[in-house]
Amino acid sequence: KSGGSFGDTLKMQLMNQAGVTLSAHAEKRLAERHLEISAEDGARLGAAAKDLSEATDWLLDHGRRDAAAAAAGATPYLRLVGTVAGGWLMARSALAASTAAQGQGNAIRDAAKIATARFYAEQILPQSAALLPQIASGPASVMALPEDQF
């Protein structure tokens, strides 16, 4: 029981560091919020959040048994956290800009925020799909060379 509690606590800490709470409900809400900008962008954000949730579960599960597996996946995991957190922040920015664009606001700035968020969703968020297999590949290739060969 204490292992599950530790894992749950660690997962919450990991996700809070990224500013993203990972649960099926939160993933759905992220995607729905971004759907106000575009359905495709919302789907991309939802998929990236799902990748992050799966990666976190994998690291917590395998890291308990094999610290080398967790260490080997740490760098791509941090890239994934940054990618998803960036997408979430870009979505928030675009939503604020789309709301401002309906009333008063700086139309040029708001259009740029929306275009930048769309670029991020189309060009950066899909990279999350490539990071998940790197995280889950384990330590074999990362630790293949002895230290004296570096």
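1. Some details on helix α6 (residues 128–136)
Okay, so step 1: The complete set of buried residues in α6 reads Ser128, Leu131, Leu132 and Ile135. Relative to the axis of α6, the buried residues are bounded by an arc of 105° and lie together on one face.
Okay, so step 2: In the stretch just after α6, Gly138 is the one whose phi turns positive, near 85°.

2. Thoughts on the packing of helix α3 (residues 39–65) against α6
Okay, so step 1: One can describe the packing of α3 onto α6 by two numbers: an axis separation of 9 Å at closest approach and a directional angle of 5°. Judged by the inter-axis angle, α3 sits roughly parallel to α6. Residue-level contacts link Ala48, Asp51, Glu54, Ala55, Trp58 and Leu59 of α3 to Ser128, Ala129, Leu132, Ile135 and Ala136 of α6.
Okay, so step 2: Within the contact of α3 with α6, the residues separate by chemical class into eight nonpolar, one polar and two charged.

3. Quick notes on the pattern of salt bridges
Okay, so step 1: Inspection of the entire model under this criterion finds five salt bridges.
Okay, so step 2: As a salt-bridge pair, Asp61 and Arg65 come within 2.7 Å of each other at their nearest N and O atoms. Within this pair, Asp61 and its partner Arg65 are both found in helix α3, separated by four residues, close to a single helical turn.
Okay, so step 3: Judged by its relative accessible area of 59%, Arg65 falls in the exposed class.
Okay, so step 4: Between Asp110 and Arg109 there is a salt bridge, and its shortest N-O distance comes to 3.0 Å.

4. Regarding the nonpolar core
Considering soluble globular proteins, one finds that nonpolar side chains tend to be buried as a cluster.
Okay, so step 1: Counting residues in hydrophobic clusters, the biggest one holds 19 residues, and the most contacted among them are Leu52, Ala55, Tyr77, Leu80, Val84, Leu125 and Ile135.
Okay, so step 2: Of all the secondary structure elements, the ones that give two or more residues to this core are α3, α4 (67–102), α5 (107–124) and α6.
Okay, so step 3: Per-element tally for this core: the top contributor is α3, with seven residues.

About the thresholds
Residues numbered from 1 in each chain as written. Predicted model: local features only at pLDDT ≥ 70, side-chain atom pairs only at ≥ 80, totals over all residues. Heavy atoms only, no water. Buried < 20%, exposed > 50% of the residue type's maximum accessible area, 1.4 Å probe, protein only. Helix = DSSP H or I, 4+ residues; strand = E, 2+ residues; numbered from the N terminus. Arc of directions from axis to C-beta. Axes fitted to C-alpha atoms, helices over the stretch in contact; angles between N-to-C directions. Parallel < 35°, antiparallel > 145°, perpendicular 65-115°, else oblique. Contact = heavy atoms within 4.5 Å. Nonpolar A, V, L, I, M, F, W, Y, C, P; charged D, E, K, R; others polar. Salt bridge = Lys/Arg side-chain N within 4 Å of Asp/Glu carboxyl O. Core = buried A, V, L, I, M, F, W, Y, C linked by side-chain atoms within 4.5 Å.

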